[in-house]
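Descriptive analysis of the structure
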Amino acid sequence: MKTLIIAEKPSVAQDIVRALTPVAGKFDKHDEHFESEKYVVTSAVGHLVEIQAPEEFDVKRGKWSFAHLPVIPPYFDLKPMDKTKTRLNAIVKQAKRKDVDQLINACDAGREGELIFRLIEQYAGGAKPLGKSVRRLWLQSMTPQAIRDGFNALRSNEQMLPLADAARCRSEADWLVGINGTRAMTAFNSRDGGFFLTTVGRVQTPTLSVVVEREEKIRKFISRDYWEVHATFAAQAGDYPAKWFDPKWKKAAANAAAGNEEPDAELKADRLWSAREAQAIADAVRGQQASVTEESKPTTQASPLLFDLTSLQREANGKFGFSAKTTLSIAQSLYERHKALTYPRTDSRALPEDYVPVVKQTFEMLSTSGMKHLAPHALTALNGNYIRPSKRIFDNAKVSDHFAIIPTLQAPSGLSETEQKIYDLVVRRFMAVFFPSAEYQITTRISTVTPTLGAAAGVSHSFKTEGKVLVKPGWLAIYGKEAAEEVKDGDDKSAGNLVPVKPGELVNAQSVDPKALKTRPPARYSEATLLGAMEGAGKTVEDDELREAMQEKGLGTPATRSSIIEGLIAEKYMLREGRELIPTAKAFQLMTLLRGLEVEELTKAELTGEWEYKLTQMEQGKLSRDSFMADIAAMTARMVKKAKEYDRDTVPGDYATLSAPCPNCGGIIKENYRRYTCTGKTGTEEGCGFSFGKTPAGRTFEVAEVERFLHDKKIGPLDGFRSKAGWPFTAEMVIKFDEETKNYKLEFDFGDDKKGEDSGELIDFSGQESLGACPKCAGAVFENGKNYVCEKSVPTMAQATPSCDFKTGQIILQQPIEREQMRKLLATGKTDLLDKFVSMRTRRGFKAMLAWDAEAGKVNFEFAPSKFPPRKTAATPLTKAAVASKTGAARAASTGAAAKKAAKKVASPKAAAQANAKTPRKAAVKKVASPAAGLQPSAALAAVIGAEPVARPQVIKKLWDYIKANNLQDAVNKRNINADAKLLAVFGKPQVTMFELAGIVGKHLA
């Protein structure tokens, strides 16, 4: 009988096979597993199965109404994930083998690893359990000896049941809160008609709350004036700067004097709150002599710890502006494709204690690698014996499911620019942690002035200067020019050498001036700072036990935090502007709703803290699974009940009063939870009846948008709207007078330019600036209604009868085409790559450039070449006609072309005979394909492949033979082909991609 070992990732399965081979014999490699006489080793690729409500409890129709809430199924079914079904089936096949009597769970050592295995085991059993014994391999180190030791100390199934219970509870509780919360809040917001999707989640919503609370502080912030007194003192050796401060200042005393109940972070020892006081100090000190005291002490700074995923994402966001999602995908590529980094989805910043030899081998690899900027530092570390055991770096207690991100023994090659940046970050941090601390001398100089004359006589004033000098760079040597920035901290970015002052020397206050400043609001979150806030969310929890449970947990896990942020942006709860994350009106509306319904636990980190505390108790056998799930079910039911039974007209909140007047009566417009409403001239009346919803077609207005909308009576084009069927669309909106109600109302404006054209009404372009020359007739192109048109395509004073038909939309498949892009198309033939097109057929977004197609006489799509070769499948490759069918006009063109081809085929006697004989379709396709043989190459192509008639596939083969024989594939990107003199005549440009070859060849065959 054999034992099936299931790892979480293919790389771990390979590590296990390597470690077991010396003791278990040779393993044979199969498509999805390895096998020896005793073991079968296979792996998942993360989660392969997810939970879902059983069929009888899963409401399909009307799921967004309160009638079917709460959804609390008595048990959960399992559903395979679409992308990994093949892998799941392969594991199930091995698990069901009659010669396999035991399973070993070799998934990652933690709650999620336990869940991945348990769900696979349950799915494999189906209605009945598999009935095979289970043991647990618990690994914190991946060295071969550590793996073998793990197999000698396998844990029993009974030992792991509490962890399995905690894992299932966390997953099911997340489902209950997410599904019921989202459906309940959506039902509440869609009460008055329409569909307003309002997603909530245990991690998503507290994260959003963090961002909203910061924005609320920024909006409520009132800037205050304060003053600093800056001086320049002249010593015999030269001048030095200094800033006034109060040496007796104490924070508590300053807050008490100001009458503050809460500490005011803006009160500081070097700030004055009166211009008169600051000026008086400057006047009293200016021109006076000062005595100098100085304290100088050495200090050290150790390197930061190794990277976990969150700290790597924060560093990459701060240095390069990479989003958390981008950093994760790059790190994943370096791990999976290049095998250059260890597993990136980790929350540990330490290494296992048996990893010292592996680290030395990694330094040896780096010292002999081709990376000239890193190799010398690796050599220095090896020669200086820097790699030694240290609890700061090697500590099993600080290693969770995975250890810190470090480079592997594989020297990478062919990295992209972004991959190289992330790899360099990791390698520098990895080397730095073993280098000595940086050493510098910090000097604090106090210059004290005591005036002897005038009203200020006898009152001393102190000025502080700090100098920071790097004595030994230590680990900072690895960062070279960046080192200066690395060591600078505090506000004084000019800290450096101070000019010396002799003992007892008196210096002169040459210039002393007050500097007027203003307090600044807290900064908005960037991804770097939000990741930090999510990681440390437990620090905001007041309950000690909950904070302990959340220690190093925070909101989400390193692997999920980037997807949480991206999800909030995708749901239009946040916008990414530059490096700032800004909450939208929809986010504020959600927080107002949750606070108003008194279900604020969904916005607090305490919910995660409470769960973590209880799950930890469950892992220790102190709390039952049933008890925990009963509490979750009760909380879910309470949340739904609060939303269902809320019967007031509006939800209490902090609402805006608009400055733009009512378009109907000039009254004051105020915001409430659902609408913007006229409240009459005084703002306290019923008003004239003008009002409109805050969320037309599922898109929430920002206050600034409403102000502009009321002022201009139109706005757009805006994206983010959803039709009743749930499809997204882009549109303009207008405020129009309605004769029936005798009031103004909102309408979508999709444009109707035909009306003007059909009426023959003359169009005046005299007040407009042309966007460029018409590509058809060289006339001027202008905006007209919802289109860009040639001046000769519409009736004008100069030409009443149109003679050109150039016209293209300002919104194409939901993508707004800005004026600048139209200018670019008219000037260069194509726009930039635009990323918000939505296919009418598949409803999926796609990226494309708009380009002038002279052959077709219209604007068409042009797609950027794919970075990856197409997958080999049995499916027919996408034809040019299929690509062109992105637009209705192109579909018509392709249909016409297909009709012509069909006519040709029918005209052929052989084809007609086949049609009459009702030959099977496959055979017909083969017959039709045969005329492709014997095509005549052009003179340019003949110079490369010869002049004989040749079939198209043979042309491509001969071209590739020529390309390889002459070594014309690009050294950096093998998918690019560099043209020599012969190929330049064929390609028409110095370089093409492999995907362009077929299209280019077609133009050279007759």
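Definitions and limits used
- Residue positions are given per chain, counted from 1 along the sequence in the order it is written.
- It should be noted that, the model being predicted, local features are given only for residues of pLDDT at least 70 and side-chain atom pairs only at 80 or more, the latter also being counted only at that level, while totals for whole chains, interfaces and linings use all residues.
- Only hydrogens and water are set aside; all other atoms, that is, all heavy atoms of the structure, feed into the side-chain values.
- Secondary structure elements follow DSSP: runs of H or I no shorter than four residues count as helices, runs of E no shorter than two count as strands, and numbering proceeds from the N terminus.
- Exposure classes here rest on a 1.4 Å probe applied to the protein chains alone. A residue is buried below 20% of its type maximum, exposed above 50%, and partly exposed in between.
- Whether two residues touch is decided by their heavy atoms; if any such pair falls within 4.5 Å, the residues are in contact.
- Residue burial considers only the protein chains on display, and all accessible areas are found by Shrake-Rupley using a 1.4 Å probe.
- Here the positive residues are Lys and Arg and the negative ones are Asp and Glu; neither His nor the chain ends is included.
- Each reported salt bridge corresponds to a side-chain nitrogen of Lys or Arg within 4 Å of a carboxyl oxygen of Asp or Glu.
- Polar contact is the term for a pair of N or O atoms within 3.5 Å; when the atoms are in protein, one must be able to donate a hydrogen and the other to accept it, and sequence-neighboring residues count only if both atoms are side-chain atoms.
- Here, any two strands with at least 2 DSSP bridges between them count as paired.
- Helix span, as expected, comes to 1.5 Å for every residue beyond the first.
- Stacked, edge-to-face and tilted are the three classes for Phe, Tyr and Trp ring pairs, Trp counted by its six-membered ring, which pair at centre distances within 6.5 Å; planes under 30 degrees apart are stacked, over 60 edge-to-face, the rest tilted.
- Any Lys NZ or Arg CZ that is within 6 Å of a ring centre and within 35 degrees of that ring's normal is treated as a charge sitting over the ring.
- Angles here are taken between N-to-C directions and fall from 0 to 180 degrees, while the axes themselves are lines fitted to C-alpha atoms, restricted in helices to the stretch in contact.
- To sort the angles, those under 35 degrees are grouped as roughly parallel, those over 145 as roughly antiparallel, those from 65 to 115 as roughly perpendicular, and the leftovers as oblique.
- Each crossing gets its hand from how the near helix is turned against the far one by less than a right angle, where anticlockwise is left-handed and clockwise is right-handed.
- Residue classes follow a fixed rule: Ala, Val, Leu, Ile, Met, Phe, Trp, Tyr, Cys and Pro count as nonpolar, while Asp, Glu, Lys and Arg count as charged, and any other residue, Gly among them, counts as polar.
- The term nonpolar core refers to a set of buried residues drawn from Ala, Val, Leu, Ile, Met, Phe, Trp, Tyr and Cys, joined through side-chain atoms within 4.5 Å.
- When two cysteine sulfur atoms are found within 2.5 Å, that pair is recorded as a disulfide.
- Confidence scores here are pLDDT values: one per residue, from the predictor, ranging 0 to 100.

Turning to the overall build of the protein, a few remarks are in order. Tallying secondary structure elements over the protein gives 31 helices and 34 strands in all. Within the protein, the fraction of its 1006 residues that count as buried is 44%. Put simply, 65% of the contacts in the protein that link residues at least 6 apart link residues at least 24 apart. With the model as given, the accessible surface of the protein reaches about 52,500 Å², and the carbon-plus-sulfur share is 52%.

Mapped onto the secondary structure, E8 falls in the loop between β1 (2-7) and α1 (10-24). K9 is the oppositely charged side chain nearest to the buried, salt-bridge-free E8, at an N-O distance of 4.5 Å. Within polar-contact distance, the side chain of E8 engages the backbone nitrogen of D108 at 3.1 Å. Beyond its immediate stretch of four places on either side in the chain, E8 contacts A44, V45, G46, A106, C107, D108, G113 and I116.

Its location among the elements puts I218 in helix α6 (residues 204-220). The exposure class of I218 is buried, given its relative accessible area of 18%. With residues up to four places along the chain from it excluded, the contact list for I218 reads P521, P522, A523 and R524.

Next up on the list: the sheet that holds strand β26 (residues 787-790). Taken together, the 4 strands give an open sheet; going across it, the order is β24-β25-β26-β27, and neighbouring strands pair in antiparallel fashion. The open sheet terminates on both sides in strands that have one partner only, identified here as β24 (772-773) and β27 (807-809). Where strand β25 (residues 780-784) lies against β26, 4 bridges are found, and the strand directions are antiparallel. Bridge pairing in β26 links N784 to N787.

For helix α9 (residues 309-320), with 12 residues, the first-to-last C-alpha span of 16 Å sits near the 16 Å given by 1.5 Å per residue. Restricting attention to buried positions, one finds in α9 the residues L309, T310, S311, L312, Q313, A316 and N317. Taken together, the buried residues of α9 touch α10 (324-336), α13 (417-432), α15 (527-535) and α17 (558-570). Positive phi appears at G321, one or two residues downstream of α9, with a value of about 75°.

In the structure shown here, the tally under the stated rule is 31 aromatic pairs. When the centroid spacing of 4.9 Å and the interplanar angle of 55° are considered together, the rings of Y355 and F403 count as tilted. You can see Y355 sitting in the loop between α10 and α11 (356-367) and its partner F403 sitting in the loop between α12 (375-383) and α13, a full 48 residues away along the chain. Like Y355, the residue F403 is buried in the burial classification. It is K9 that lies over the ring of Y343; its NZ or CZ is 3.9 Å from the centre.

Along β1, 6 of the 6 residues are buried, which leaves the element largely enclosed by surrounding structure. Burial along β1 is two-sided: K2, L4 and I6 and T3, I5 and A7, pointing in opposite directions, are all buried. With 6 bridges connecting them, β1 and strand β7 (residues 100-106) associate as parallel partners. What sits directly across from L4, in β7, is L103. Relative to strand β4 (residues 39-43), β1 is paired through 5 bridges, and the arrangement is parallel. Its bridge partner lying in β4, T3 is registered against Y39.

Here we take up helix α21 (residues 703-712). Within the sequence span of α21, burial applies to E705, V706, E707, F709 and L710. Just downstream of α21, K713 is the residue with a positive phi angle, here 65°.

Glancing now at the side chain of E566. As for its placement among the helices and strands, E566 is situated in helix α17. We classify E566 as buried; its relative accessible area is 19%. A polar contact of 2.5 Å, which involves the side chain of E566, links it to the side chain of R576. The residues contacting E566, other than those within four sequence positions of it, are S323, K325, E527 and R576.

The next point concerns the sheet that holds strand β30 (residues 834-838). Strand order in the open sheet formed by 3 strands is β30-β31-β32, with antiparallel pairing between adjacent strands. In this open sheet, the two strands that pair with only one neighbour each are β30 and β32 (858-862). Ignoring strand direction, the axes of neighbouring strands in this sheet form an average angle of 60°. Across 5 bridges, the pairing between strand β31 (residues 845-853) and β32 is antiparallel. When the sheet's bridge partners are listed, M849 is paired in β32 with E862.

Among all residues save glycine, negative phi is the norm, and among peptide bonds the norm is trans. Between L69 and P70 the backbone carries a cis peptide bond, its omega angle lying at -5°. Relative to the helices and strands, P70 is located in the loop between β5 (49-52) and β6 (77-80). In this structure, K572 is a non-glycine residue whose phi angle is positive, near 65°. Relative to the assigned elements, K572 resides in the loop between α17 and β16 (574-577).

This paragraph deals with the packing of α9 against α15. Running from amino to carboxyl end, α9 crosses α15 at an angle of 160°, the nearest separation of the two axes being 8 Å. In terms of orientation, α9 and α15 fall into the roughly antiparallel class. At the point where α9 passes α15, the crossing takes the left-handed sense. Across from T310, Q313, R314, N317 and G318 in α9, the residues of α15 making contact are E527, A528, L531, G532 and E535. For the contact of α9 with α15, the residue count by class is 2 nonpolar, 5 polar and 3 charged.

Turning our attention to the nonpolar core. Among the nonpolar cores identified, the biggest contains 82 residues, and M185, L208, L530, M574 and F628 are the most heavily contacted of them. The element that contributes the greatest number of residues to this core is helix α5 (residues 157-189), accounting for 11 residues. Other than its neighbours up to four places away in sequence, M185 contacts T198, V200, L593, L594, L597, V599, M639 and A643. Judged by nonpolar contacts, the second largest core, of 48 residues, contains A331, V359, Y423 and A438.

So, about the packing of helix α19 (residues 605-619) against helix α20 (residues 625-645). The contact between α19 and α20 brings their axes to 10 Å, and the two run at 160°. By the angle between their directions, the pair α19 and α20 is classed as roughly antiparallel. Regarding α19 and α20, the two cross each other, and that crossing is left-handed. Here L607, W611, K614, L615 and M618 of α19 come into contact with α20, specifically with R625, F628, D631, I632 and M635.

This part covers the state of the cysteines. In this structure the tally under the stated criterion is 0 disulfides. Cysteine C790 remains unbridged, with the sulfur of C777 as its closest cysteine sulfur at 3.5 Å. Residue C790 is classed as buried on the basis of its relative accessible area of 0%.

Of the residues in the protein, 87% reach a pLDDT of 70 or more, and the chain-wide mean stands at 84. Looking across the protein, the model is least confident in helix α27 (residues 921-929), with a mean pLDDT of 37, and most confident in strand β10 (residues 225-235), with 96. Overall, residues 489-494 carries pLDDT values under 50, and its contacts beyond four positions in sequence, including any with other chains, amount to 3 contacts. Contacts for the low-pLDDT stretch residues 872-933, under 50 throughout, to residues beyond four places or in other chains number 27 contacts.

Before going further, it helps to spend a moment on the pattern of salt bridges. Tallying each qualifying case throughout the model produces 54 salt bridges. For E294, the salt bridge is made with R445, and the minimal N-O distance between the two is 2.5 Å. Of this pair, E294 sits in strand β12 (residues 289-301) while R445 sits in strand β13 (residues 438-449), and the two are 151 residues apart along the sequence. The partly exposed category is assigned to E294, whose relative accessible area is 44%. The network of salt bridges with common partners includes K2, E35, R97 and D99.

Another aspect to go through is the environment of K243. Relative to the assigned elements, K243 resides in strand β11 (residues 238-245). For the pair K243 and D270, spaced 27 residues apart in sequence, the C-alpha to C-alpha distance is 7.4 Å. In this structure, K243 is in contact with E228, V229, H230, D270, S462, F463 and K464, ignoring residues within four places of it in sequence. Among the polar contacts listed, one links the side chain of K243 to the side chain of D270, at a separation of 3.0 Å.

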